[in-house]
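Summary of structural features
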Amino acid sequence: MADVFASDPSTWNPALDAVAAAPKHHRVLFENESLRVLEVTLEPNDEEPVHHHRWPSVFVFDQVQGPIHDFAPDGTQLPDNRDVVKAVAAWDGRGCLVVHMAPQPAGRVLNASGKTVHGVRIEMKKTT
C-alpha cells in the first residue's frame, strides 16, 4: 500500500481508485479518454472506504453541509484546512458550491452532518 503515498498520482494503486474502492459513493456518469464524471453521494453519518482521486477535478456540490472530516488511511484526522472542508465552511449555502480539487491521495471522508452530501465531480484525465 506504500505506493498510494507516492507523489506521482499515475503510480497510485488502481485498486484504491474511488470507483473501485468506494462504489457505494461514486458512480460513473460519463467517461472517455479525457474526462470522467462521477456522481458522489455520502449519506449523513456515513464514511467512505479508503480511496484516492488521481486526477485534478472540479467538484460541483448541489447539497452539502458540514461538518465533514477527512482521515488518512491510518485513521489520523486531517486538518480542517483541506479543499472541500475549507470551501464548505466559507459557503453561504446558496446555489451550488464549486471547488477545484487537486489529485487526492488515499484517504476517507466522514459526513458528520445531518444532510446528504451530493454532487458531480468532473475529473480531468491527463492524456499523452
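Predicted, not measured: the structure shown is a model, and the values here were computed from it. (Residues numbered from 1 in each chain as written. Predicted model: local features only at pLDDT ≥ 70, side-chain atom pairs only at ≥ 80, totals over all residues. Heavy atoms only, no water.)

1. Structural notes on the sheet that holds strand β5 (residues 68–71)
Using the following cut-off: If DSSP finds at least two bridges between two strands, the strands pair. Strands here mean DSSP runs of E at least two residues long; helices mean DSSP runs of H or I at least four residues long; both are numbered from the N terminus. Whenever a helix is involved, its axis is fitted only over the stretch in contact; in every case the axis is a line through C-alpha atoms, and angles between N-to-C directions fall within 0 to 180 degrees.
The antiparallel open sheet is built from three strands, whose spatial order is β3-β7-β5. Where the open sheet ends on each side, the last strands, each with one partner, are β3 (51–53) and β5. Across this sheet, the average inter-strand angle for adjacent strands is 50°, counted without regard to direction.

2. Let's talk about the environment of His-52
Heads up, the condition is: What makes two residues a contact is simply this: any of their non-hydrogen atoms within 4.5 Å.
Along the chain, His-52 turns up in strand β3. For the pair formed by His-52 and Val-120, sequence separation is 68 residues and the distance between their alpha carbons is 16 Å. With residues near it in sequence (within four places) discarded, His-52 still touches Trp-12, Asn-13, Leu-16, Asp-17, Ala-18, Gln-104, Pro-105 and Ala-106.

3. Quick notes on unusual backbone geometry
The criterion, for reference: Residue burial is assigned from relative accessible area. The probe radius is 1.4 Å, only protein chains are included, and a residue is buried under 20% of its type maximum, exposed over 50%, and partly exposed in between.
The residue after Gly-66, namely Pro-67, is reached through a cis peptide bond having omega 5°. Summarising the element assignment, Pro-67 is placed in the loop between β4 (57–63) and β5. Residues other than glycine seldom take positive phi values, yet Asn-45 does so here, at roughly 60°. With respect to the helices and strands, the residue Asn-45 is situated in the loop between β2 (35–42) and β3. By relative accessible area, Asn-45 is classed as exposed at 59%.

4. Here we look at helix α2 (residues 83–90)
Inclusion rule: Arc definition: it is the arc formed by the directions from the helix axis to the C-beta atoms.
Val-84, Val-85, Ala-87 and Val-88 are the residues of α2 that are buried. For α2, the buried positions fall inside an angular range of 165° around the axis, keeping them on one side. Facing away from the buried surface of α2 by more than 90 degrees, the exposed residues are Lys-86, Ala-89 and Ala-90.

5. Focus on the environment of Asp-62
Structurally, Asp-62 is set in strand β4. Linking Asp-62 and Val-117, residues 55 residues apart in sequence, is a C-alpha distance of 8.2 Å.

6. As for a nonpolar patch on the surface
For clarity, the cut-off: Residues forming no salt bridge and having over 30% relative accessible area are the ones grouped into patches, like charges within 9 Å of each other and nonpolar side chains (Val, Leu, Ile, Met, Phe, Trp, Tyr) within 5 Å. Per-residue and other accessible areas were derived by the Shrake-Rupley procedure at a 1.4 Å probe size, with only the shown protein chains allowed to occlude residues. Note on definitions: salt bridges are taken to be side-chain nitrogens of Lys or Arg within 4 Å of carboxyl oxygens of Asp or Glu.
On the surface, a cluster of nonpolar side chains totalling about 310 Å² of accessible area is made up of Leu-29, Phe-30, Leu-35 and Met-124. With respect to the helices and strands, Met-124 occurs in strand β8 (residues 117–124).

7. Quick look at the sheet that holds strand β6 (residues 97–101)
Spatially, β1-β2-β8-β4-β6 is the arrangement adopted by the five strands of the open sheet, whose pairing is antiparallel. In this open sheet, the two strands that pair with only one neighbour each are β1 (26–31) and β6. Pairwise comparison of adjacent strand axes, ignoring direction, gives a mean angle of 20° for this sheet. Taken strand by strand, α2 contacts β4 and β6, and its axis lies near 155° from that of β6.

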